[in-house]
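# Structural characterization, general
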Amino acid sequence: MTTPKDATAARQAPRSYRIASIPADGIGPEVIAAGLQALEVLARRDGGFTFEVAEFDWGSERYKSTGALMPEDGREQIKDFDAIFFGAVGAPDVPDHVTLWGLRLPICQGFDQYANVRPTKILPGITSPLAGVGPGDLDWVIVRENSEGEYSGNGGRAHQGMPEEVGTEVSIFTRTGVTRIMRYAFELARSRPRKLLTVVTKSNAQRFGMVMWDEIAAEVAKDFPDVTWDKMLVDAMTVRMVKDPKSLDTIVATNLHADILSDLAGALAGSLGVAPTGNIDPERRYPSMFEPIHGSAFDITGKGIANPVATFWTASQMLDHLGEPAAATRLMRAVEKVCADGILTPDVDGTATTQEVTDAVCEAIRSENI
Ligand SMILES: NC(=O)c1ccc[n+]([C@@H]2O[C@H](COP(=O)([O-])OP(=O)(O)OC[C@H]3O[C@@H](n4cnc5c(N)ncnc54)[C@H](O)[C@@H]3O)[C@@H](O)[C@H]2O)c1
């Protein structure tokens, strides 16, 4: 029998989240360490939740010594965690398709994290390369289909090295896959103040999968009469992102299109170093995975100047997903304050190190009066 005392104790017990941390390669370990430091300070500040973090040494070094980036039962090892916090994968001496297909994609696809959610906005204190465009003028969320399309893994090579060699890379679009990502994108657009969605396509040149993509968008739209939506060819979309960023809000695109457009979005918001992403399983059958968009950044690895903002932002996405929206907002408030104060890494025209930005964000969390 539960006594009133037990009930009070249960109410007061901090919520505990198990996080699988996979820092992996290049600047991954540097930015994940920064993210974990900020999460720890947030948990202490909040008092209502705690983290239990388990680190996994999966990545290119493991590949070089054992022949595999992650163990065969890797997904089994992390499937019961509440979330995955991921750095970056890729090494100069391992082919990129080996690293991507050896770690990140098996997790995303194996856990059916079909919605890849990529918010972008210009943070205060950060200058966009677009003239006359500042905070408030560019505030987007790109929803990337994350389970099929151009990255379905369907294809092959024949007659390798011969003059008649053939390589195929077949895009797969399924009604189930397209419908669920469209529904996710319309829902997300509906939850944002402008209720505005742009569906990116290439149905002029690609007349099968992409035409089905367009048709399903129109079908799903009927269930969202309050969402205004339009359709853009991906090539024209790059122009619109540069020329008229204010006209966009929520964007949905295929795996490949959104991969490219979100790097452009990051650059237009100031740097890849501020662009986050959440690989979400909306049905919550598996843990979702949170990571900065950027890769291993070989050119700055070990220099202590990687921008940790993308990782803080994705940590904020993770907190939201875990059901801690107040802490998620607190973290972003701290990041915005630190950026506005001009404590910035060199990629966004500052002189601060990763550690200085991280310490400033932690201090902003601790000293906030709200
Ligand atoms: N999700 C991932 O794990 C992922 C994503 C993209 C690339 N990669 C891999 O990373 C490796 C390098 O790829 P790339 O050079 O095309 O892309 P990249 O994102 O690693 O770097 C591109 C440029 O952006 C800069 N940059 C990136 N993140 C930064 C940060 N936090 N702070 C400051 N500057 C930052 C880099 O210094 C570099 O000049 C490759 O092996 C690639 O396959 C992995």
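Quick caveat, the model's predicted, so the values are computed rather than measured. (Residues numbered from 1 in each chain as written. Predicted model: local features only at pLDDT ≥ 70, side-chain atom pairs only at ≥ 80, totals over all residues.)

## Some points on the overall build of the protein
Quick note on the threshold: Secondary structure is summarised from DSSP: a helix means a run of H or I of at least four residues, a strand means a run of E of at least two, and numbering begins at the N terminus for each. Only C-alpha atoms enter the radius of gyration, while the globule expectation follows 2.2 Å times N to the 0.38, with N the number of residues. Each residue is classed by its C-beta neighbour count within 10 Å, where at least 20 other C-beta atoms makes it buried, 12 or fewer makes it exposed, and intermediate counts make it partly exposed; the C-beta atoms are placed from backbone geometry. We call two residues in contact when the distance between their C-beta atoms, placed using the backbone, is within 7 Å.
The helix and strand inventory of the protein stands at twelve helices and twelve strands. The C-alpha radius of gyration of the protein comes to 21 Å, within 12% of the 21 Å expected for a compact globule of 370 residues. Oriented by its inertia axes, the alpha-carbon framework of the protein measures out at about 70 × 60 × 50 Å. Counting across all 370 residues of the protein, residues that qualify as buried make up 45%. Counting only contacts in the protein whose residues sit at least 6 apart along the sequence, the fraction spanning at least 24 positions is 74%.

## Digging into the domain arrangement of the protein
Note the cut-off: Residue ranges for the domains trace back to a domain assignment, done automatically or taken from a database. Residues are grouped as follows: Ala, Val, Leu, Ile, Met, Phe, Trp, Tyr, Cys and Pro are nonpolar; Asp, Glu, Lys and Arg are charged; all remaining types, including Gly, are polar.
Along its sequence, the protein is organised into domain 1 (15–113 + 283–370) and domain 2 (139–268). Contacts between the two partners involve five residues from domain 1, matched on the other side by five residues from domain 2. Looking at side-chain class alone, the side of domain 1 that touches domain 2 contains two nonpolar, two polar and one charged residues.

## Section: the site of the ligand
Note the following rule: For each residue, a C-beta position is placed from the backbone atoms; the residue is near a molecule or strand when that point lies within 6 Å of it.
Taken together, 22 residues lie around the ligand, and G90, G273, H294, G295 and N307 are the ones closest in. Taken together, the residues of the shell around the ligand break down into ten nonpolar, seven polar and five charged.

## Points about the sheet that holds strand β4 (residues 115–121)
The cut-off we apply is this: Note on pairing: DSSP must find at least two bridges between two strands before they are called paired. Between the N-to-C directions of two axes lies an angle of 0 to 180 degrees, each axis being a line fitted to C-alpha atoms and, for a helix, fitted only over the stretch in contact.
If you walk across this open sheet you meet the ten strands as β2-β1-β3-β12-β11-β4-β5-β10-β8-β9, and the pairing is mixed. In the strand order of this sheet, the two ends are held by β2 (49–55) and β9 (228–233), each with one partner. Neighbour to neighbour, the strand axes of the sheet diverge by 25° on average, direction disregarded. Across seven bridges, β4 lies against strand β5 (residues 139–145) in antiparallel orientation. In the sheet register, R118 faces β5, and the bridge partner there is I142. Here helix α7 (residues 209–221) sits on the sheet and contacts β8 (196–201) and β9; the angle it forms with β8, its principal contact strand, is near 165°. Contacts between helix α8 (residues 234–243) and the sheet are confined to β8 and β9, with β9 contributing the most and set at about 110° to the helix.

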